[in-house]
Amino acid sequence: MGVKLASERPGFSEMEDVNFTDSELVYHVRDALRSVTLGDSNSYNELIGVIHHTEYLTPDEVALLVTSLKALSGAVSCIDIAHHDSLLSSIFRMSMWSYGPDVMDALVELIISLAASSGKYIDSCLDMLVSNFMPPHYFLALLKQPRGLARKDQVLHRVHSALRDIADLVPLAPLRLLPIILQKMPNVYSKEPMIVIYVENMLRLESGAMGELVGSMILCAVVDRLIDLDVEIEWEDILQDDFSKGIFEMELEDVEETLDDDEQEGDELPRESSSWRRFRGNVVAEKLDSLLVLMFEHLRSCNDVGRLSNVFETLLQSFKQTVMKAHKSKFSQFVMFYACSLDPGNCGVRFADILADIFTGSVSPPDVRMSAVAYLASYLSRAKFLPASFVVNILQRLVGWCWKYTESQDGDINPDAHRVFYSGCQAIMYVLCFRMRSIMDVHRMKSQLFLMPVEALLKHPLSPLKVCLPSIVEEFLRQAKAAHLFTVSETFVFNDLLESEHSRAFGGKERLDMFFPFDPCLLRKSDRYIRPNFVYWSMVRTTYDDDDEEGSSDEDVVDGFMGRSVENIAGDAMAASFEEHDLDLDEFDYSMNKMSITPKNSSNFRFGSELYGSAMRMPSRIRPSTSPESL
Amino acid sequence: MEGLKVSDAKLVVYMHPSKANKASQAILRELSSLLFKFNETFDGVVLAYDVNIHSKTTKILPGIHPYFGVRLQAKLLLFNPKPGMLLEGEVVKLGQQSIHVIVLGFASAIITEEDIREEFKYKLKHDEEVFTSTSHKRHKIKVGTVLRFVAKSFDEEILHISGSLLPAHTGSARWLDKNKGDWSCADRSSKKRKESEEMRQLDNVSVDEATSLMNTDHRRKKSKIHNVDS
């Protein structure tokens with residue numbers, strides 16, 4: 001090969017004392033390339049040899065590689081796609097992660113020159129850069145170390161600026177880039193660090209200069225991948241296996257486990273609820289968890305620069321097309337929850353409005369409308385950042401629609417035919433279980449609620465009280481009575497049932513009667529983002545609470561746990577103290593776990609009884625029906 | 001600038017029944033999907049369209065999905081640079097081996113060293129890369145210059161143009177317009193004379209489609225084109 005080391009290195013003066021300028025090097029490379037067509041491949045093969053050499057490069061070899069790459073950049077016009085096929089494939093196979101910054105720079109320069117020189121190489125150049133989003137497999141272990149991270153910074157900075165430079169020179173490049181990115185996205189079975197780093201790069205592109213052109217497709221693709229992972233998580237991973245016990249006995253067991261942990265006070269291990277422990281080994285859940293965290297961080301940075309509303313529109317589209325259509329998405333919907341929490345006045349309101357529109361509109365099929373109202377009910381109940389006044393307005397819309405529906409029906413109870421109606425009624429009751437107290441506390445909202453035809457609606461011959469989930473109906477009636485909203489003359493005897501034959505009927509095959517999408521997030525890392533904005537049932541003040549909320553120490557919490565009925569008070573105290581002091585998150589975990597998410601049962605519950613501290617059977621976890629046929 | 005033409009086209013756009021209540025939106029969407037792609041039927045890259053929907057009624061196709069076809073008339077702005085045409089674009093990158101230009105904001109063009117005439121010499125002045133003419137000191141090409149060059153080839157898929165600065169009437173557009181006298185009777189070597197003759201021949205071949213200036217002299221071409229789209 002005619003290229004000698006550039007003479008600026010004094011250490012190599014023992015080599016032939018020949019000075020080559022940059023342009024002379026370029027001409028040498030051009031000669032090498034041209035002679036291939038004439039049959040002489042010697043110099044050409046030497047050139048390929050230099051490029052192939054990746055392992056343990058000495059400084060000489062590094063310099064040689066840099067020089068060769070730079071010379072090639074100048075000679076791109078002489079590269080022929082057919083004759084120089086092996087050279088091109090060697091170049092496109094190079095991984096920037098294996099080299100130092102000098103080689104990276106020279107390689108990037110070459111790739112940009114190739115891309116700009118002819119339309120033939122654009123796809124391969126973009127492909128090569130996208131492949132460099134991920135490190136080679138041997139590098140994965142290094143990623144956790146500081147020098148691995150430093151290398152990652154160097155590589156990704158250059159990859160993204162190369163993509164920008166190519167887009168500047170070839171304006172239509174982003175159009176070609178998009179399908180390449182989508183096609184090379186790792187599937188759900190790839191290793192977690194690979195998926196995470198690839199998605200990290202995708203989100204970086206979304207917020208970068210090309211964001212306007214490729215951003216929305218990228219976000220949709222990420223949400224698609226979230227759903228793919230979501231769907232892979234089995235229900236069995238979330239639930240206990242033993243269905244013979246009642247639901248709240250399962251809860252008891254849950255809490256007993258954490259009790260044991262409590263006794264190990266001196267332990268350094270972070271407290272986790274048993275549900276989180278169940279998930280720890282689940283690889284798919286961990287991938288989903290990491291990706292959700294990436295999305296949350298991305299949304300947070302979008303909000304910081306003020307572009308969250310635009311991004312939110314894309315997320316809404318994606319939600320309607322992908323998340324809502326997935327059968328009972330488990331955690332992916334928390335992306336919407338978090339986005340709303342960042343900008344409640346704008347995004348938070350818009351999300352609720354859109355869901356209400358889908359439910360009250362006549363365009364979507366019934367299942368979609370039922371799903372929308374289930375999302376809406378769960379969202380309005382769990383979002384701490386939504387003011388009660390807004391919730392009342394949405395409730396008014398729902399009640400209005402349901403009321404109008406009854407006016408056009410004169411039939412009797414029929415769970416299947418009127419299932420959209422029943423899902424609407426159940427949503428209204430569910431939201432009121434969470435919010436009734438706060439609505440009643442404000443005079444204006446209280447009168448607004450009293451003006452709504454809730455009583456007439458629920459007492460209509462269509463009998464929503466008989467059809468909707470008994471646990472919800474019970475809780476609602478109890479609160480409604482305490483608030484003097486209305487009373488029922490018949491006693492509903494539900495026998496501690498969570499569900500009934502009627503509710504199963506209206507829920508249909510998909511069991512949309514038992515769909516509470518924003519129940520507490522069971523993924524550990526994501527939950528940290530959600531928790532500050534989340535309403536746990538134990539935090540809710542109900543209308544039948546005594547007004548005596550004074551202080552509770554941790555002692556009370558433990559006592560309450562033992563069976564005394566102070567959960568709500570303790571809950572309030574916990575909620576209050578969380579606001580007052582800046583509780584360390586671990587400490588908070590610890591205290592939250594001492595009270596289970598669903599309050600304890602008391603099997604003596606009878607509707608209408610004055611027994612204080614009876615069970616609240618709020619179905620506050622996502623779980624499928626315990627009846628065999630639905631599994 | 002050559003290579004642009006406006007064509008009149010009679011089109012039929014077939015639409016899925018779900019779009020029946022928002023037909024105009026669907027039509028515009030359909031036409032927008034043609035933009036910035038080379039279209040064989042229209043013989044050019046569609047840059048812009050201006051559409052007139054005349055008919056109030058449409059025909060419904062028989063079949064499993066009753067698509068309906070809307071007839072419309074559209075003016076299409078098409079771009080198809082043939083070899084030998086004179087194009088203009090802004091220089092975005094300059095190097096000793098090549099000049100990179102963007103034409104009409106979307107097409108990338110490259111002029112390699114071999115296609116830059118001897119007259120221009122590459123210089124690095126005060127960290128700025130420049131091609132300066134040796135015969136006319138004020139004739140400079142640098143980043144940001146609007147460059148006039150001759151098209152050599154056009155890659156229809158990626159819309160990439162390969163260009164040449166060999167002919168005498170190419171270079172910085174502003175300088176060429178100001179100094180019309182200087183270059184039209186500039187010293188020509190026999191090589192350059194031969195090149196300009198070749199170009200004139202190419203011009204004759206493409207005279208049907210070439211327009212001399214943008215916005216004037218439209219050629220009307222009526223063609224009935226069917227587009228089956230969903």
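Our subject in this report is the structure included herewith.

Thresholds, definitions, all that
Note on numbering: residues in each chain are counted from 1, in written sequence order. Written order determines the labels here, with chains lettered from A and ligands numbered from 1. Since the coordinates come from a predicted model, pLDDT governs what is reported: local features require at least 70, and pairs of side-chain atoms require 80 or more to be given and counted, while whole-chain, interface and lining totals use all residues. Side-chain descriptors were evaluated using all non-hydrogen atoms of the structure, hydrogens and water having been removed beforehand. Numbering goes from the N terminus for both helices and strands, where a helix is a DSSP run of H or I of at least four residues and a strand is a run of E of at least two. The contact rule is simple, with two residues in contact once any of their heavy atoms fall within 4.5 Å. By buried area we mean the combined loss of accessible area, with a 1.4 Å probe, across both parts when two parts are placed together. Here, a salt bridge means any Lys or Arg side-chain nitrogen found within 4 Å of an Asp or Glu carboxyl oxygen. Residues adjacent in sequence count toward polar contacts only when both atoms are side-chain atoms; beyond that, a polar contact is any pair of N or O atoms within 3.5 Å, and within protein one must be able to donate a hydrogen and the other to accept it. By convention a nonpolar core is built from buried Ala, Val, Leu, Ile, Met, Phe, Trp, Tyr and Cys residues, the set being connected through side-chain atoms within 4.5 Å. Three exposure classes are used, based on accessible area relative to the maximum for each residue type with a 1.4 Å probe and protein chains only: buried under 20%, partly exposed in between, and exposed over 50%. A helix's residues, less one, multiplied by 1.5 Å, set its expected span.

### Comments concerning the environment of Arg151(A)
Residue and element names in this part refer to chain A.
Here comes step 1: Within the secondary structure layout, Arg 151 lies in helix 7 (residues 146–169).
Here comes step 2: Expressed as a C-alpha distance, the spacing of Arg 151 and Tyr 99, which sit 52 residues apart in the sequence, is 8.9 Å.
Here comes step 3: Contact partners of Arg 151, with chain neighbours within four places excluded, come to Trp 97, Ser 98, Tyr 99, Met 104 and Phe 139.

### So, the interface of chain B and chain A
Here comes step 1: Chain B puts 19 residues into the contact, and the matching count from chain A is 18 residues.
Here comes step 2: Between chain B and chain A, roughly 1,500 Å² of surface is buried when both sides are summed, and carbon and sulfur atoms account for 59% of that area.
Here comes step 3: Contact with chain A buries surface across chain B, with Gln97(B), Ile158(B) and His160(B) losing the most and accounting together for 32% of the total.
Here comes step 4: Seen at the junction of chain B and chain A, the total is three salt bridges.
Here comes step 5: Linking Arg176(A) and Glu157(B) is a salt bridge whose minimum nitrogen-to-oxygen distance equals 3.1 Å.
Here comes step 6: Counting across the interface, chain B meets chain A through five residue pairs in polar contact (both at pLDDT 80 or more).

### Overview of the nonpolar core
Here comes step 1: By size, the foremost hydrophobic cluster in this structure holds 199 residues, and its most contacted members are Leu72(A), Phe351(A), Tyr379(A) and Phe476(A).
Here comes step 2: Looking at this core element by element, the count peaks at 15 residues for helix 20 (residues 419–440) of chain A.
Here comes step 3: Sequence-distant contacts of Phe351(A), that is, excluding residues within four places in its chain, are made with Phe312(A), Leu316(A), Phe319(A), Met336(A), Cys340(A), Tyr379(A) and Phe518(A).
Here comes step 4: Formed by 28 residues, the second largest nonpolar core is a distinct cluster that contains Met1(B), Ala107(B), Ile111(B) and Phe120(B).

### A short note on helix 1 (residues 22–37) of chain A
Residues and elements named next belong to chain A.
Here comes step 1: An ideal rise of 1.5 Å per residue puts 22 Å on 16 residues; helix 1 measures up with 24 Å between its terminal C-alpha atoms.
Here comes step 2: Those residues of helix 1 lying buried are Leu 25, Val 26, Val 29, Arg 30, Ala 32, Leu 33, Ser 35 and Val 36.
Here comes step 3: Residues of helix 1 that are buried make contact with helix 2 (42–52), helix 3 (59–74) and helix 4 (85–93).
Here comes step 4: Following helix 1 by one or two positions, Gly 39 adopts a phi angle in the positive range, close to 105°.

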